[in-house]
Amino acid sequence: GCFLLCLLPSILRARASPETRPSSPLCQQSPTKVSCKGVGLQKFPKELGQGIKYLELSNNFIQNLSGSNMPGFGQLEYLDVCFNQLESVSATALAELPRLRSLLLGSNHLDRNYLANGEAFHLLRNIEVLDLSVNNLESHMASWYISNLTSLRVLDLSGNTMTKLLAGTFRSSPRLRQLDLSNNYIMEIQEGAFEPLEELEVLNLALNSLHCISGFSLTQLRVLNLSHNALELFSEEEGAEPYLLRVLDLSHNRLLSFPELPRAHDLTHLNLSNNLIASLLPGSPHPWEFVLPYKEMQRFNRTMRPVAALTHVTDLDLSNNRLELFPFSFFHSLGSLHSLSLGRNCLQDVARESVTNGTELSVRSLDLHSNALRVLPRWFFDSLPHLESMDLGSNSLQPCESQGSDQGRDFQRDSHTSAPGDTCTPFYNVPRLKHLSLSKNNISRLQSHAFNGTPLISLDLSGNRDLSMPTGALAGLELSLQELSLRDNQMDEAALPCLHTLRVLDLSGNHLSLLPPGLSCSPLQSLDVRNNNLQALAAVRSWSHSLRAVSVAGNPWSCCSLGWLDT
């Protein structure tokens, strides 16, 4: 505020002469483009010269657009008046802009004088992009503003106070391709509201109050965002015409089951995170307290396979739900699935009774963090032959030991089912796994050769309090491991082999008084040893040509042993 008050006299002096001539230091100008963003204007700038096509006036104090203030702008194609105090737009002003294609009026006060303003908007027959976001517009106001805009292709009505979509709202805008209705209070979509929009490709209805989407009929949509609503049901319209939908976001709702998508053959990205989905297996009943009142549920066949048609889905997010079982049979139908997130559920086991020999998933990235998993059997990894990245943080998994001639026997024993009473997970011999997080798993001791035969590039073992790492625990990673985190383990010592490719090492939050001796042969570029008991860093000389960043705070450094700082 002080800065603006101090700046105001100079602004007023600058505007005392011809208001904002091209030579004015307040505005930046090129032959066809002028930017007067945030320069304190209270009126539309005059005398900017002929031929201007792009004019930016955002973040000022303009209250009205009138014809007397807008001579010589007949070539204007783009006008941005967002974040002003605009409340009045005259017909004579818009009549001066016959070539205008993009008009951005977001974050103003267009709820005032909306009848007269809307009448003036009828002159914008060539407008293709219109931003009316954050103008406190109610449903009928928004409908009036766009009631004659037949050329409109992109419309932003987000951040207003709309409570319903009226049936005739988009009757005059059949060419709309992108529509943003997010962050309103929409509870009702009247029948036929979207019917005129046969070219609509992107629809954003996030952050509203919708409870049910039944008979969804926008088959031409490519992207649909319904996140942050109160949806308990999502079902397609009955029919034979396939949907062109590629991206569907239903996150942050109240869905109790996987949505019905039998005709969404082109879907590639599906976000169902932060819902109430408790099971993915067919025939699973809803918990009694969640029985839905919708008549649509009566035709919902619980024995159907809701993912049978989703053969192109590559990214599926089911994190933050209530799943207790990892059902392989459910995901097996998703033949193109590359990224699967099941983090922050209640997973305790994997459904193995439905897994047959040769059942494989195409998943490359798997997120299972923050569950209640205690063991993953060998067949689990065998069924994920393409797995490259795995986040198992915040579970209770203990890595198995793998050594010498016992490797083959262990591998065969675990190939299809885990032996009764098994309490560890075999992370060895996973041929394509490159990134693994086992942070916060209460691992007390890392067994010998725990990752042998697995070409890990990064390994996170942080947050395992009092972790013991005997010699040979990381054996087998000498030629692959590049990043290792042992942060916050409160370790007194750590035995590391000679890791020839290690670039990044985090040892912070431990009780180390000496660095692991095997580090001298690693080409470290980043080393974090904060909050340990180190008095010197003699080994730093080994990395004089490679080290780029080192964090050393929180150690009792000896003032008599600081020669390593010279290095």
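Residues numbered from 1 in each chain as written. Predicted model: local features only at pLDDT ≥ 70, side-chain atom pairs only at ≥ 80, totals over all residues. Heavy atoms only, no water.

Teacher, can you tell me more about the overall build of the chain here?
In terms of regular secondary structure, the chain is built from seven helices and 30 strands. Relative to its 567 residues, the chain shows a buried fraction of 49%. If you take every contact in the chain between residues at least 6 apart in sequence, the share linking residues at least 24 apart comes to 51%. Put simply, the chain shows about 25,400 Å² of open surface, and 50% of that area lies on carbon and sulfur atoms. (Helix = DSSP H or I, 4+ residues; strand = E, 2+ residues; numbered from the N terminus. Buried < 20%, exposed > 50% of the residue type's maximum accessible area, 1.4 Å probe, protein only. Contact = heavy atoms within 4.5 Å. Areas by Shrake-Rupley, 256 points an atom, 1.4 Å probe, with all protein chains shown as cover.)

Please explain the pattern of salt bridges as it appears in this structure.
By the definition in use, this model includes eight salt bridges. Here Arg177 makes a salt bridge to Glu199, at a shortest N to O gap of 4.0 Å. With Arg177 in the loop between strand E10 (164–165) and strand E11 (178–180) and Glu199 in the loop between strand E12 (188–189) and strand E13 (202–204), this pair connects stretches of sequence that are 22 residues apart. Judged by its relative accessible area of 38%, Arg177 falls in the partly exposed class. In this structure, the salt-bridge partner of Asp488 is Arg487, at a minimum N-O distance of 3.7 Å. (Salt bridge = Lys/Arg side-chain N within 4 Å of Asp/Glu carboxyl O.)

How do you make sense of the nonpolar core when you look at a structure like this?
Considering soluble globular proteins, one finds that nonpolar side chains tend to be buried as a cluster. Formed by 146 residues in total, the largest nonpolar core has its most connected members in Phe326 and Phe331. Beyond its immediate stretch of four places on either side in the chain, Phe331 contacts Leu280, Leu316, Leu318, Phe326, Leu337, Leu340, Leu342 and Leu361. (Core = buried A, V, L, I, M, F, W, Y, C linked by side-chain atoms within 4.5 Å.)

Could you clarify how one ought to interpret the layout of surface pockets in this entry?
Empty pockets left among the atoms are what a rolling probe the size of a water molecule brings to light. Roughly 630 Å³ of internal volume is contained in the largest pocket. What lines the largest pocket is a set of 26 residues, among which Gly192, Phe194, Gly215, Phe216 and Ser217 lie closest to the centre. Among the elements of the structure, E12 and strand E14 (212–216) are those that each provide at least two residues to the lining of the largest pocket. Element by element, the count of residues in the lining of the largest pocket is highest for E14, at five residues. Of the residues contributing to the lining of the largest pocket, the split by class is 14 nonpolar, six polar and six charged. (1 Å grid on protein atoms, 1.4 Å probe; cavity = no way out; pocket = protein on both sides within 12 Å on 5 of 7 lines; lining within 4 Å. Points joined across faces, edges and corners; volume = space filled by probe spheres on them. Nonpolar A, V, L, I, M, F, W, Y, C, P; charged D, E, K, R; others polar.)

Honestly, the side chain of Ser439 in this entry has me stumped. Any pointers?
Its place among the elements puts Ser439 in the loop between strand E25 (435–437) and strand E26 (458–460). The contacts of Ser439, once residues within four sequence positions are left out, are Leu392, Gly393, Ser394, Asp460, Leu461, Ser462 and Asn464.

Help me out: how do you make sense of the pairing of strand E16 (residues 233–236) in this one?
In the case of a regular strand, side chains alternate between the two sheet surfaces. Side chains Leu233 and Ser235 of E16 all project onto a buried face; the interleaved residues Phe234 and Glu236 project onto the opposite face, where all are buried too. Bridge count between E14 and E16: three bridges; the pairing is parallel. Along E16, the bridge assignment pairs Ile213 with Phe234. (Pairing = 2+ DSSP bridges.)

What am I meant to see in the confidence of the model for the chain here?
Interpreting fine coordinate detail is not advised for predicted regions of low pLDDT. Per-residue pLDDT for the chain averages 86, and the proportion of residues at 70 or more is 85%. A low-confidence stretch, residues 1–23 (pLDDT under 50), is modelled with 23 contacts involving residues beyond four sequence positions or located in other chains. A low-confidence stretch, residues 405–421 stays under pLDDT 50, and its non-local contacts, those more than four residues away or across chains, total 27 contacts. (pLDDT = per-residue confidence, 0-100.)

I tried to follow the packing of aromatic side chains on my own but got confused; where do I start?
Aromatic ring pairs are defined here through the distance separating the ring centres and the angle between the ring planes. Evaluation of the coordinates by the stated rule reveals 16 aromatic pairs. Judged by centre distance (6.1 Å) and plane angle (10 degrees), the ring pair of Phe170 and Phe194 falls under stacked. Within this pair, whereas Phe170 is found in the loop between E10 and E11, its partner Phe194 is found in the loop between E12 and E13, the two being separated by 24 residues in sequence. For Phe170, a relative accessible area of 0% gives the class buried. (Phe/Tyr/Trp six-rings, centres within 6.5 Å; stacked < 30°, edge-to-face > 60°.)

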